[in-house]
Amino acid sequence: MTTHRAFRWPSLLTESGRGIAFGGDYNPDQWPEETLDEDIRLMGEAGVNVVSLAIFSWDKIEPVEGAFTFEWLDHVIDRLGRAGIAVDLASATAAAPLWLYESHPEVLPVDRYGHTVNAGSRQSWQPTSPVFKEYALRLCRKLAEHYKDNPYVTAWHMGNEYGWNNRYDYSDNALAAFRTWCEAKYGTIDALNEAWGTAFWSQHVNSFDEVLLPRHMGGDAMVNPSQQLDYERFGNDMLLDFYKAERDAIEQICPDKPFTTNFMVSTDQCVMNYAKWADEVDFVSNDHYFHEGESHLDELACSDALMDSLALGKPWYVMEHSTSAVQWKPLNTRKRAGELMRDSLAHVAMGADAICFFQWRQSKSGAEAFHSAMLPHAGADSKVFRGVCELGKALKTLSDAGLQGTELERAGTAILFSAESEWATRSETLPSMKLNHWHDVRDWYRAFLDAGTRADIMPLKYDWSDYKTVVLPTVLMLSAVDTRRLADFAAAGGRVVVGYATGLIDENFHTWLGGYPGAGNGLLRDMLGIRGEEFNILGSGVEGEPEAIRLGAGGEVALEDAAALNGATTRLWQNDVTVTGDRTQVLAMYAGEEADEWELDGMAAVTRNPYGAGEAYFVGCDLDVADLTKLIRTYLAAPAQSQQSQANTDVLHTVRKSADAAFDFYLPRGKKEVELQGVEGEPVVLFQTERGEENGSYTVRRNGVLVVRR
Ligand code: GAL
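Report on the accompanying structure.

Definitions and limits used
- Residues numbered from 1 in each chain as written.
- Predicted model: local features only at pLDDT ≥ 70, side-chain atom pairs only at ≥ 80, totals over all residues.
- Heavy atoms only, no water.
- Phe/Tyr/Trp six-rings, centres within 6.5 Å; stacked < 30°, edge-to-face > 60°.
- Helix = DSSP H or I, 4+ residues; strand = E, 2+ residues; numbered from the N terminus.
- Buried < 20%, exposed > 50% of the residue type's maximum accessible area, 1.4 Å probe, protein only.
- Lys NZ or Arg CZ within 6 Å of the ring centre and 35° of its normal.
- Expected span 1.5 Å × (residues − 1).
- Contact = heavy atoms within 4.5 Å.
- Pairing = 2+ DSSP bridges.

### Notes on the packing of aromatic side chains
Where two aromatic rings form a pair, the distance of their centres and the angle of their planes describe that pair. Inspection of every chain in the model, using the stated rule, returns 34 aromatic pairs. Judged by centre distance (4.8 Å) and plane angle (35 degrees), the ring pair of Phe 200 and Trp 201 falls under tilted. Ring geometry for Tyr 274 and Trp 277: centres 6.4 Å apart, planes at 65 degrees, overall edge-to-face. Of the two residues, Tyr 274 and Trp 277 both sit in helix α9 (residues 274-277), three residues apart, roughly one turn of that helix. By relative accessible area, Tyr 274 is classed as buried at 7%. An aromatic cluster is present here, built from Tyr 168, Tyr 170, Phe 178, Trp 181, Trp 196, Tyr 231 and Phe 234 joined pairwise through their rings. The cationic tip of Lys 60 hangs over the ring face of Trp 72; the distance from NZ or CZ to the ring centre is 4.5 Å.

So this is what it looks like as C-alpha cells:
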C-alpha cells in the first residue's frame with residue numbers, strides 16, 4: 001500500500017560513518033566570522049556531529065540575480081567538516097531574496113480575499129509559480145554542482161517545513177493548476193460535478209475552465225465541502241510536486257546523498273498529508289515542539305508514534321525541537337530542569353536516531369532572538385549549554401552501546417490516523433465544529449498509556465492488518481475500499497473500534513446514506529450491528545440545556561458489564577442509535593436526567609458486535625481520557641507483551657530492538673518519581689535515576705530517564 005523510496009540514512013564523519021546524529025540548525029550567516037571559531041570549539045565540547053546549514057541563506061548564496069557566491073559556505077563547510085561535523089545541506093529555497101520579489105512580484109502568494117502577500121518573511125512564494133520554480137531549481141542545480149563531491153555534505157535538507165506559510169495560495173497560477181489537477185483527477189466534467197455534488201446552489205460546472213478555487217465568497221458564505229477537500233489535497237500535492245522537482249534537480253547531479261525534508265507532525269496541526277510525503281524522502285525527519293502541561297510527554301510520544309509509522313519502523317530524524325522556550329506563542333514557557341534531556345531521549349525511545357535542535361546559537365536579532373537554542377544568549381556558562389553537553393554524552397553512550405538502527409517494538413493496537421479526515425473535520429458544515437480527529441487520536445493514545453499499554457499510530461492508508469486491534473477515532477471519512485479493508489480485517493479475527501464520528505462521509509465528502517455510520521454502503525453499520533438516525537450535539541452553553549450526559553445502566557436492553565462505564569460522561573456528541581444486530585451487545589447506555597432530557601435514556605452508547613472471526617465495537621459518544629481508559633481496561637487492553645510485564649501506568653516504557661540487542665526505555669509520565677522493580681538488563685543511561693539496592697530496582701525521578709540494555 002506504500003511505495004516508499006528506499007531507506008537511506010546519512011553518514012556521519014566518524015570512522016564508520018555511524019553514530020546517533022546530534023546537532024541543530026546552524027545559521028553562521030547571522031554572525032561575524034570570528035564566531036565560527038567559537039562555534040566549532042563549543043560544538044566539539046558538546047559532541048555535535050551534524051548541522052543543518054544554509055536553510056535561509058539564498059540571499060547570501062545569490063546576493064544579486066545570477067551571481068552565485070559559494071566561498072563563504074565552502075569555508076564554513078570545510079571548517080565544520082575538518083572538525084568532524086557533517087553537513088545536512090539545505091536547498092536554501094525556503095526564503096527567497098528580496099531582489100527576486102522586486103523583479104518578480106508575481107511569485108507572491110495571494111490570500112483567499114485576493115490580497116497579495118507581502119515579501120519580507122519566508123516561504124512567500126506560490127508553489128505553482130513557474131517563475132519561482134525556475135529560480136529555485138537553478139539554485140538547486142548550482143548547489144548540487146558545487147557540493148556533489150564534497151565529503152562533508154552527507155544529506156540534503158530540502159526546503160524547510162514546506163507549506164508553513166504558503167499552504168493556501170489563491171493566485172491565478174493556483175487557479176490554473178487547480179483546473180489541471182481536477183481534470184487529471186476526474187477526467188470528465190461530469191465526474192467532477194458528481195464528486196462535488198454541484199446540483200446545489202447553482203454550482204454546476206460546464207467545463208474545467210469554470211472550476212473555481214474556494215476563494216472568499218462574501219459574508220459567511222460556505223464553501224462546498226467537497227471542493228474544499230479537493231483544494232486541500234491539491235495544495236498538498238502542489239507543494240509535494242515542488243519538493244520533488246527540487247529533489248530531482250539535485251538528484252540528477254548528485255545522486256549519492258540522501259534526501260529529506262522536515263515534517264511538522266505534532267498533534268495540534270496537520271498541514272500536510274505526510275503519509276504521501278514519506279514515500280518521497282530517503283529518511284523521514286520531523287520538527288516537534290513541546291506541549292506544556294501534563295500532556296507534555298504523552299503528546300510527544302503520540303506524535304512520534306505517527307513518525308515511526310511514517311518511517312516504516314526504520315529510524316528517523318528529529319530535525320528540530322527546542323532546548324527550552326520557543327518565541328512564537330503568546331506565552332512561552334521554558335523547559336524545567338531535565339526536560340531538555342528527557343524530551344530528547346523520549347524521541348530516541350520512540351525510534352529517533354538523530355536529535356537536533358532549532359538552533360545551534362541563539363540569534364541576537366530578528367524574529368527568533370527569544371527562541372531558545374543550544375548555545376543561549378548567556379553563553380557556554382549556562383544551564384542550557386551544560387544540559388546540551390550532557391545530552392551529547394548520553395547520545396554517545398547510547399551509540400556506543402549499539403542503539404543505532406534498532407527499531408521500536410510494535411504494539412498490539414494501531415490507532416488509525418487520516419490527514420484527509422483531519423482536514424474534513426475542519427469543515428464548517430458539520431453538525432459540530434468541535435470535532436477534531438487528531439485530538440481524539442491523542443486522547444485514545446493517552447488512554448492506552450493510562451491503561452498500562454502502548455498503541456501505535458498508523459496512517460489509514462498503510463497496512464495495519466498485522467495488528468490485533470485497530471481504533472478509528474473520528475475518522476470522519478471512510479471510502480468503500482477502506483471500509484472493506486476493515487471488514488476483511490474483522491472477518492479474519494481482528495478487532496475494530498469505531499469512534500462516534502467515524503465513517504459518516506466518503507472520500508468526496510458525500511454522506512453515506514441509510515443510517516449512520518453508513519460507510520461502505522452500510523457495511524460499517526452491519527459490522528457494528530447498530531444504526532444511527534441523528535446526532536445529539538452538546539456544548540452550546542445554552543441556558544437550560546444539559547452540558548453533559550452520563551452513561552450507565554438502565555433501559556431494557558440486555559446489559560453486559562455495564563458497571564465498567566457507569567458514570568462516564570459525554571459532552572460533545574452522542575449518536576441516536578438503534579441496535580440492529582441479533583448478537584450486538586450493549587456495553588453501556590445513556591442514563592439519567594440529562595439523557596432523559598434529550599430522549600436518550602436507555603439508548604445504546606457503547607456496543608460490541610461479533611463479525612466473522614473478529615468483532616467490532618462502537619463508541620457512540622465522545623469520552624474523556626479517563627473514561628476511555630476504563631473502556632480500554634475493561635474491553636480492549638492488549639494481551640500483555642512480555643517486555644511490558646512491568647508496565648506501569650506512570651511510565652512510558654518502550655523497547656528498541658535488533659537481532660542482537662534490546663533497549664528498554666523508562667520515562668515517568670508525570671511529576672511523581674517512579675519506582676521500578678525487576679528491570680532486566682544492564683543500565684546504559686541513568687538520568688535523574690538512582691539504582692536501588694535490590695537487583696533491577698530503580699527510582700526514576702521527575703523528567704528522568706532509565707535506559708537498560710538486554
Ligand atoms: C520551525 C522552523 C525553524 C524555526 C523554528 C522555531 O517551524 O522550521 O526555522 O523558525 O520553527 O521554533
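### Considerations on helix α15 (residues 480-491)
In an α-helix, one turn spans 3.6 residues; hence positions three or four apart end up facing the same way. Its twelve residues give α15 an end-to-end C-alpha distance of 16 Å, which sits within 8% of 16 Å, the value for a rise of 1.5 Å per residue. Within α15, burial applies to Asp 482, Thr 483, Arg 485, Leu 486, Ala 487, Phe 489 and Ala 490. Residues of α15 that are buried in the fold lie against β11 (413-417), β13 (469-472), β14 (495-498), α16 (523-528), β20 (604-611) and β21 (614-619). Where α15 ends, the next residue or the one after it, Gly 493, has phi of about 115 degrees, a positive value.

### Description of the pairing of strand β19 (residues 585-591)
Within β19, six of the seven residues are buried, which leaves it mostly tucked inside the rest of the structure. Bridging between strand β16 (residues 549-552) and β19 involves three bridges; their strand directions are antiparallel. Bridge pairing links Leu 551 to Tyr 590 in β19. As defined by bridge partners, β19 adjoins β20 across four bridges and the pair is classed as antiparallel. Paired with Val 586 across the two strands is Thr 607, which belongs to β20.

Coordinates in, geometry out; function isn't part of it.
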